[in-house]
Every structure is written in C-alpha cells, then in structure tokens.
Amino acid sequence: MREARLPSLRPEIRAFLKRKTKKTKPEVFPEERNGRTMNISISKNPCPGTLPAPETLGFGKYFTDHMFLMNYSPDKGWHDARIVPYGPIELSPASSVFHYGTEVFEGLKAYRRADGGVQLFRPWDNMARLNRSCARLGLPQVNEADALEAVKTLVTLDQNWVPSAPGTSLYIRPFLFSTDAELGLHGVKNALFAVILSPVGSYFSAGIQPVPIMVETEDVRAVRGGTGEAKCGGNYGAANRAGERAIEKGFSQVLWLDAIERKYVEEGGGMNVMFKIAGKVVTPKLSGSILDGITRRSGLAILRDWGVPTEERLLSLDELMTAAENGTLEEAWCIGTAAVISPIGSLFYNGRSYEINHNRIGELTEKLYNELTGIQWGRIPDRFGWTCPLGTADSVK
C-alpha cells in the first residue's frame, strides 16, 4: 500500500517537500530511499468478527481480525513482515522476555471522523519513541518508516473495527520484545515486533469528571538513569501495588514523587500531569524518569499557541501543597493517550484532602480537552499537521 504518503510524514518533512515543489525530479520518501521498501504479506482472516456494541467495549477487551508480526535475527535483520489472523504467538518458555523483561510498547489510537474516514494522531512520534525505548532496553530498533507503514496497513485493513460512537476509538498497541530461547543473561539477539488493535469505549462514560488522587509516599515509579523515560512494562507493573492501594482507599490513582529526594512531583498514575498555578500551567520537566508523553507535548503546544504561560520545571510537593492550601492551585489534570485529559478534583496528602476548583472541571482543562479531541476526531481543523488520514480498506491488497 503506497497511497496517502504525505500525511504519514512528520510536519517538518512535509514542510520541506512543499518548499521543493518547483523541482522536476520527484522527491524520495524516507521509506523508499536507496530503493528500499517494506513488503508486507497479508493472510486474511477466513472467519472475520464484528465490532461489538459501543456500550460494551470497555478498554482492551476485544481485538480485531488481524495482527502484524515481523522477526529480527542477527543474520537477516528485520524480516518476514506479515499481517496474519489475530491469535496466539508461539514462544519458547525460555524466551528471555519472560525472564528478564526485555520488552517495550507503544499506545496510540485511530479515530473515525464524521465523514466516515479514519485518521491517526501523531503516529510518527510514537514510532520515534518506540525506538528510544528500544535503545534503553537494548532491543533492536526498527526503521520508523517501516513501523509506521505496518501500523497504517493494519489499521486500514481492519478499519471496519474503528467505532463511530462519541468518545470511542481503535486503540493501537505496537510492542517489541526479545525471543532468545536461552536463560543466559546477555544482549538481545532475536526479537519480534508486533501490532495488535482493540476497539475501545469512551473513557468517560458519564462525561468528563474530576477524580481524587493521593500522593504516593512509599513506592516510586522510576529513577533517573533507570527506565522511567522508556515505555516498558516493568514501569507499569511495578506501579500496580501503589495504584491498588489507592483504589482501596477510594482514590482514582496516585501522584508520583521522584525516587531520589521524594520531593518533586513526576507523574499522575500512568499519565503525565499538569497544574494551573496562579495563571501559569506548570508541568514536571523531562528529567530522565518521566515519560515524554505525546499528548503532553501536544497539550503544551496548544497552550502556547493560545498564549497561556507554561513552565516545564521541577515542581516540589511543598510548592504544590502550598498552592492548594492558599487557593492559587486553580486547576489540575492528568494527560495521556487513554483519557486524553483526566481532571483532578482533589489531592490527598498527609491525612488531609485538598479540593481543587470546588471539585469541578476547570475552564482551561475543558477547553484543552475539547481542542485535543476535536483535532483527533477531525471535528476542528488540524493547524499543527498532527493527523494522518488513512485510505480505504480496498486499497490493501
């Protein structure tokens, strides 16, 4: 599938191509340089399923008809790119991913527009981050253009699974892991890159509502120099204990502090976090233990485009609690792919609950949510060049 190339490129590449339109020689796209293209074989599912009713979708419970797989070996590099019917993956019990956690993943979505078309949101940035995670875990990196082509081809083939009900979407999960079938502790030699798709329901079934969160003072999510800035399963698995404790106490999630001084705010549950303090939006800076969230990046770009003062810096818990106590903490929200934005209604710390904006969604929070989701679902113009429209399923041969 080679149509609709331009929307799949990063904004800076598209801008470069537009400046060169007077040339008679056609431009070469990244995935075609040096005559290189990725050939994807397709084996269609003989027993295709149907999209469940939107009210039953939930998150990650159902999967589409197909999945993408591609193998890596030292002698062949990445090879055997294929789309096959969704099903179990056979692995040796000795595969190193089971024993040493050598895996990374991504999360992005496909959105059904009002005109029936389907589009992605900044998928090139997910592929770039996947490779940064691979570098940290010692996994073989995949050509970003190939990874994007795999995602686009798979979603295009299974686009009947992209729901159209308000707030619903198709969740895309690329993941890459080691398959070395030996127990020796060493660098990764063999790996598998895979992509699966899951139609998901609206994150806020009753509308966007503020949630209570508690400051986590015992466990830590990640440490600088560790894997905090990588998107790997170990970060999330190690966070489960604190999250479960918070839920048992009646909170939605936890507010993470840094691992060294236990002093600075880092993330909110599995998402980035932002605070409006005395008219400025403050978000923890990327210090090596915080994930470089694509929705975070997008939110900051929109806020700056609106002229809202923003700061990426260290934010101490003392400063945050003082702002909560004196009323200068005007709004707070978590920001990430799954929910887009989840308003924070209250913070619990040291035996006391601090209510934010009378436990109501803030004006700026709601405006930012509407802007981000409007671009993602194609309800408003994309002035940033973030969306990637896809072709029709008939275009996949």
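Residues numbered from 1 in each chain as written. Predicted model: local features only at pLDDT ≥ 70, side-chain atom pairs only at ≥ 80, totals over all residues. Heavy atoms only, no water.

### Topic: the overall build of the protein
We apply this condition: The secondary structure listing takes helices from DSSP runs of H or I that are at least 4 residues long and strands from runs of E that are at least 2 residues long, numbered from the N terminus. Per-residue accessibility, obtained with a 1.4 Å probe over protein chains only, is compared with the maximum for each type, and a residue is labelled buried under 20%, exposed over 50%, and partly exposed between these values. Accessible areas in this description were obtained via Shrake-Rupley with a 1.4 Å probe; residue shielding takes into account the shown protein chains only.
The helix and strand inventory of the protein stands at nine helices and 18 strands. Residues classed as buried in the protein amount to 52% of the 397 residues present. By element, 51% of the accessible surface of the protein is carried by carbon and sulfur atoms, the whole surface being about 17900 Å².

### Description of the side chain of aspartate 65
Stated precisely, the cut-off is as follows: Two residues qualify as a contact provided that any one of their heavy atoms is within 4.5 Å of a heavy atom in the partner residue.
Topologically, aspartate 65 is positioned in the loop between strand E1 (41–42) and strand E2 (66–73). Each residue touching aspartate 65, except ones within four places of it in the same chain, is listed here: Asn45, Pro48, Gly49, Val84, Pro85, Tyr86, Asp158 and Trp161.

### Comments concerning the pairing of strand E13 (residues 280–284)
Going by this rule: A pair of strands is treated as paired once DSSP finds two or more bridges between them. Assignment of crossover handedness uses the view with strands pointing away from the viewer, where a clockwise path from the first strand over the helix to the second indicates a right-handed crossover.
For E13, a buried count of four out of five residues is recorded, marking the element as mostly surrounded by other parts of the structure. Taking the residues between adjacent antiparallel strands as the criterion, strand E12 (residues 272–277) and E13 are bridged by two residues, where alanine 278 takes a positive phi near 50°. Judged from the four bridges that link them, E13 and strand E14 (residues 310–313) form a sheet pairing that is parallel. Its bridge partner lying in E14, threonine 283 is registered against glutamate 312. Once you follow E13 into helix H7 (residues 294–305) and on to E14, the crossover reads as right-handed.

### Notes on the environment of tryptophan 306
Of note, tryptophan 306 is situated in the loop between H7 and E14. Here tryptophan 306 falls in the partly exposed class, since its relative accessible area comes to 24%. The residues contacting tryptophan 306, other than those within four sequence positions of it, are Leu364, Lys367, Leu368, Glu371 and Arg383.

### Here we look at the packing of aromatic side chains
We apply this condition: Note on ring pairs: Phe, Tyr and Trp rings are taken, using the six-membered ring of Trp, and paired if centres are within 6.5 Å. Classes follow the plane angle, with under 30 degrees stacked, over 60 edge-to-face and the rest tilted.
By the definition in use, this model includes 11 aromatic pairs. On the numbers, 6.5 Å between centres and 75° between planes, the contact of tryptophan 78 with phenylalanine 193 is edge-to-face. Taken together, the residues tryptophan 78 in strand E3 (residues 77–85) and phenylalanine 193 in strand E8 (residues 191–200) connect sequence positions 115 residues apart. Judged by centre distance (4.2 Å) and plane angle (10°), the rings of phenylalanine 384 and tryptophan 386 are stacked. Judged by its relative accessible area of 5%, tryptophan 386 falls in the buried class.

### As for the pattern of salt bridges
Rules: Salt bridges are counted wherever a side-chain nitrogen of Lys or Arg sits within 4 Å of a carboxyl oxygen of Asp or Glu.
Using the criterion set out here, one finds 22 salt bridges in the structure. Taking the shortest distance from any N to any O, the salt bridge between glutamate 218 and arginine 245 comes out at 4.0 Å. Of this pair, glutamate 218 sits in the loop between strand E9 (211–215) and helix H5 (233–237) while arginine 245 sits in helix H6 (residues 240–248), placing them 27 residues apart in sequence. Taking the relative accessible area as the measure of exposure, arginine 245 reaches 23% and is therefore partly exposed. A salt bridge links arginine 313 to glutamate 319; the shortest N-O distance between them is 2.7 Å. Residues joined in a network through salt bridges with shared partners are Arg122, Asp125, Arg132, Asp292 and Arg297.

### As for the pairing of E8
Within E8, 10 of the 10 residues are buried, which leaves the element mostly enclosed by the surrounding structure. Relative to E8, E2 runs antiparallel, the two being bridged by five bridges. Pairing of phenylalanine 68 across the sheet is with valine 195, part of E8. Pairing analysis gives 10 bridges linking strand E7 (residues 169–178) to E8, with the strands arranged antiparallel. Considered in E8, the bridge of arginine 173 is made with isoleucine 196.

### Notes on the confidence of the model for the protein
Under the convention used in this document: pLDDT: the predictor's confidence for each residue, scored from 0 to 100.
Looking at the protein, the pLDDT average stands at 90 and 90% of residues meet or exceed 70. In this model, residues 1–36 is a region of pLDDT below 50 whose contacts with residues beyond four sequence positions or in other chains number 60 contacts.

### Quick word on helix H9 (residues 363–376)
Just so we agree on the cut-off: A helix is expected to reach a length of 1.5 Å times the quantity of its residues less one.
Across its 14 residues, H9 extends 20 Å between first and last C-alpha, which sits within 8% of the 20 Å expected from 1.5 Å per residue. Where burial is concerned, most of H9 is hidden: 10 out of the 14 residues are buried.

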